[in-house]
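# Secondary and tertiary structure notes
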Amino acid sequence: MKFAHKRATAVAAAAVAAALALSGCADTGSSGGGSSEGSGGSDNLAITFLPKSLGNPYFDTSSKGGKAAVEELGGTFAEVGPAESGPDAQVSYINTATQQGVGSLVVSANDPKAICDALNEARDAGVKVVTFDSDTNADCRDLFVNQATADGIAKVQVDLIAEQIGDAGEIAIVSSTANATNQNTWIDKMKELLAADHPNIQLVDVVYGDDDEQISFDKTAAVLQSHPNLKGIVSPTTIGISAAARYLSTSDYKGKVALTGLGTPNQMREYIEDGTVTAFALWNPEDLGYLSAYAAAALINGDITGKEGDTFEAGKLGEYTVGADATVLLGDPYVFDKDNIDDFDF
């Protein structure tokens, strides 16, 4: 099942809705298989997910997929993480998981460098490190599960905002944290695409909402006040786009300033329906977590090493091949609009 191309995914995605309740705490689950925690060995299917922060609907959904995969594999699933994003906020959780002897850590990095020492200590102790959603430096992990190529993610957002503002005018970006690897990569590539293909669009500001709903809301208000001629906003973060939409929906800017970026259907449905937002994009975060867990298990079991050309089976998603730089690609982004948003529930 490939999220980017098949409407049939909507059926599978419907099961994700239950994951969107904000937990705010660690979640563990086990199907009672033969894995044993603390061994660090090849059959240790204790897999711990470490998102950027807990209580984020996007990561609640990816962890739901990860938990389902780990249970299919007969392993033990856990989710831990900080309450707020920050460059060093994940270090203590990595150290604890290493001391516990988990088989694999599946991490969405808040910073490409800040957690490297802790991750490499984990690897030295036999823990397989998989990054997903947001990568570290390549020498800090065994494998990166990429939701989509950076080029593809940048292009879909540039294409959407260009279409929505008539390919001309001032735009701003409301991002997550200033150090987020994925956000900065996408923003750099969006800048390149704008310069090369959209000379009449001017990117006048990039602001950071720190993956916090209220801060993102306030930053949206501030950037609109600072740039009275703004025609559009791009927010490549699920918290940022929903916060920006919430602000626009009750402001005088509704219908005048376009908004697009990366969001989930359940977050954005009301803003599509009321006309605040025309279209936005994302991949299926449940599939991303599911694939990441299967990749972790393949590393633990020695089915792959992260070498380019390695292949492994990922349950219902089928076979995947490791690409350059020890990267596995989930698929292409998907565009949601008023015609298809009700087909999805996550």
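## So, the pairing of strand β8 (residues 201-208)
- Two elements, strand β7 (residues 169-175) and β8, share 7 bridges in a ladder whose sense is parallel. From the neighbouring strand, Val 174 faces β8, where its bridge partner is Val 207.
- Crossover handedness for the path β7 to helix α6 (residues 181-197) to β8: right-handed.

## Focus: the sheet that holds β8
- Strand order in the open sheet formed by 4 strands is β8-β7-β9-β10, and the pairing between neighbours is parallel. A single partner strand is all that each edge strand has here, and the edge strands are β8 and β10 (258-261). On average, each strand axis in the sheet is inclined to that of its neighbour by 25 degrees, with strand direction left out of account.
- The strands touched by helix α5 (residues 150-164) within the sheet are β7, β8, β9 (230-235) and β10, with β10 carrying the most contacts at an inclination of about 165 degrees.

## Points about the confidence of the model for the protein
- In this model, the protein carries an average pLDDT of 89, and 88% of its residues clear a pLDDT of 70 or more.
- Taken together, the stretch residues 1-41 has pLDDT below 50 and engages in 102 contacts with residues farther than four places along the chain or on a different chain.

## As for the environment of Val 158
- Relative to the helices and strands, Val 158 is located in helix α5.
- The sequence separation of Val 158 and Lys 191 amounts to 33 residues, and the corresponding C-alpha distance is 9.0 Å.

## Quick notes on the state of the cysteines
- Scanning the model with the defined rule gives 1 disulfide in all.
- For Cys 116, the disulfide goes to Cys 140, at an S-S distance of 1.8 Å. Between Cys 116 and Cys 140, the S-S dihedral sits near 95 degrees, and the bridge is therefore right-handed. Linking Cys 116 in helix α4 (residues 116-124) with Cys 140 in the loop between β5 (128-132) and β6 (143-146), this pair joins segments that are 24 residues apart in sequence. Of the two residues examined, Cys 116 and Cys 140, each falls in the buried class.

## Here's the deal with the environment of Glu 84
- Of note, Glu 84 is situated in the loop between β3 (76-79) and α3 (91-100).
- Here Glu 84 falls in the exposed class, since its relative accessible area comes to 60%.
- As for Glu 84 and Asp 212, which are separated by 128 residues in sequence, their C-alpha atoms are 7.9 Å apart.
- Beyond its immediate chain neighbours, meaning those up to four positions away, Glu 84 contacts Lys 52, Ser 53 and Ala 89.

## As for the packing of helix α2 (residues 57-73) against helix α10 (residues 285-300)
- α10 packs onto α2 with a crossing angle of 40 degrees between their chain directions and a minimal axis gap of 6 Å. In this view, α2 runs oblique relative to α10, as classed from their interaxial angle. For α2 against α10, the interelement crossing comes out right-handed. Two secondary-structure elements touch here, α2 through Tyr 58, Thr 61, Ser 62, Lys 64, Gly 65, Gly 66, Ala 69, Val 70, Glu 72 and Leu 73 and α10 through Pro 285, Glu 286, Leu 288, Gly 289, Tyr 290, Ala 293, Tyr 294 and Ala 297.
- Split into classes, the residues belonging to the contact of α2 with α10 amount to 10 nonpolar, 5 polar and 3 charged.

## Brief notes about α3
- When we look at burial in α3, the residues that qualify are Ile 94, Ala 97 and Thr 98. Within α3, the buried residues cover an arc of 100 degrees as seen down the axis, which keeps them to one side.
- Packing partners of the buried residues in α3 comprise β2 (46-50), β4 (104-107) and α4.
- Gly 101 lies just past α3 and shows a positive phi near 70 degrees.

## Description of the packing of helix α7 (residues 213-226) against helix α8 (residues 238-249)
- Their axes nearest at 8 Å, the elements α7 and α8 cross at an angle of 55 degrees. Viewed along their axes, α7 and α8 adopt a mutual orientation that is oblique. Where α7 crosses over α8, the handedness of that crossing is right-handed. Together, Glu 213, Gln 214, Ser 216, Phe 217, Thr 220, Ala 221, Leu 224 and Gln 225 of α7 and Ile 239, Gly 240, Ala 243, Ala 244, Arg 246, Tyr 247 and Leu 248 of α8 make up the contact between the two elements.
- Partitioned by chemical class, the residues of the contact of α7 with α8 number 8 nonpolar, 5 polar and 2 charged.

## Quick word on the packing of aromatic side chains
- On inspection of all chains with the given rule, the structure shows 14 aromatic pairs.
- Geometrically, the ring pair formed by Tyr 334 and Phe 336 is tilted, given 5.1 Å between the ring centres and 55 degrees between the ring planes. Accessibility assignment for this pair places Tyr 334 and Phe 336 in one class, buried.
- A network of ring pairs unites the aromatic residues Phe 49, Tyr 58, Phe 59, Phe 77, Phe 132, Trp 186 and Trp 283 as a single cluster.

## Quick notes on α7
- For α7, with 14 residues, the first-to-last C-alpha span of 20 Å sits near the 20 Å given by 1.5 Å per residue.
- Listing the buried residues of α7 in full gives Ser 216, Phe 217, Thr 220, Ala 221, Val 223 and Leu 224. The arc that holds every buried residue of α7, seen down its axis, measures 165 degrees, which confines them to one face. Away from the buried face of α7 by more than 90 degrees, exposed residues Gln 225 and Ser 226 are located.
- In this structure Asp 212 caps α7, since a side-chain oxygen of it lies 3.0 Å from the backbone nitrogen of Gln 214.

So, how was this worked out
- Residues numbered from 1 in each chain as written.
- Predicted model: local features only at pLDDT ≥ 70, side-chain atom pairs only at ≥ 80, totals over all residues.
- Heavy atoms only, no water.
- Pairing = 2+ DSSP bridges.
- Helix = DSSP H or I, 4+ residues; strand = E, 2+ residues; numbered from the N terminus.
- Right-handed = clockwise from strand over helix to strand, strands pointing away.
- Axes fitted to C-alpha atoms, helices over the stretch in contact; angles between N-to-C directions.
- Contact = heavy atoms within 4.5 Å.
- pLDDT = per-residue confidence, 0-100.
- Disulfide = S-S within 2.5 Å.
- Buried < 20%, exposed > 50% of the residue type's maximum accessible area, 1.4 Å probe, protein only.
- Parallel < 35°, antiparallel > 145°, perpendicular 65-115°, else oblique.
- Left-handed = near helix turned anticlockwise from the far one by under 90°.
- Nonpolar A, V, L, I, M, F, W, Y, C, P; charged D, E, K, R; others polar.
- Arc of directions from axis to C-beta.
- Phe/Tyr/Trp six-rings, centres within 6.5 Å; stacked < 30°, edge-to-face > 60°.
- Expected span 1.5 Å × (residues − 1).
- Polar contact = N/O pair within 3.5 Å; in protein donor to acceptor, adjacent residues only side chain to side chain.

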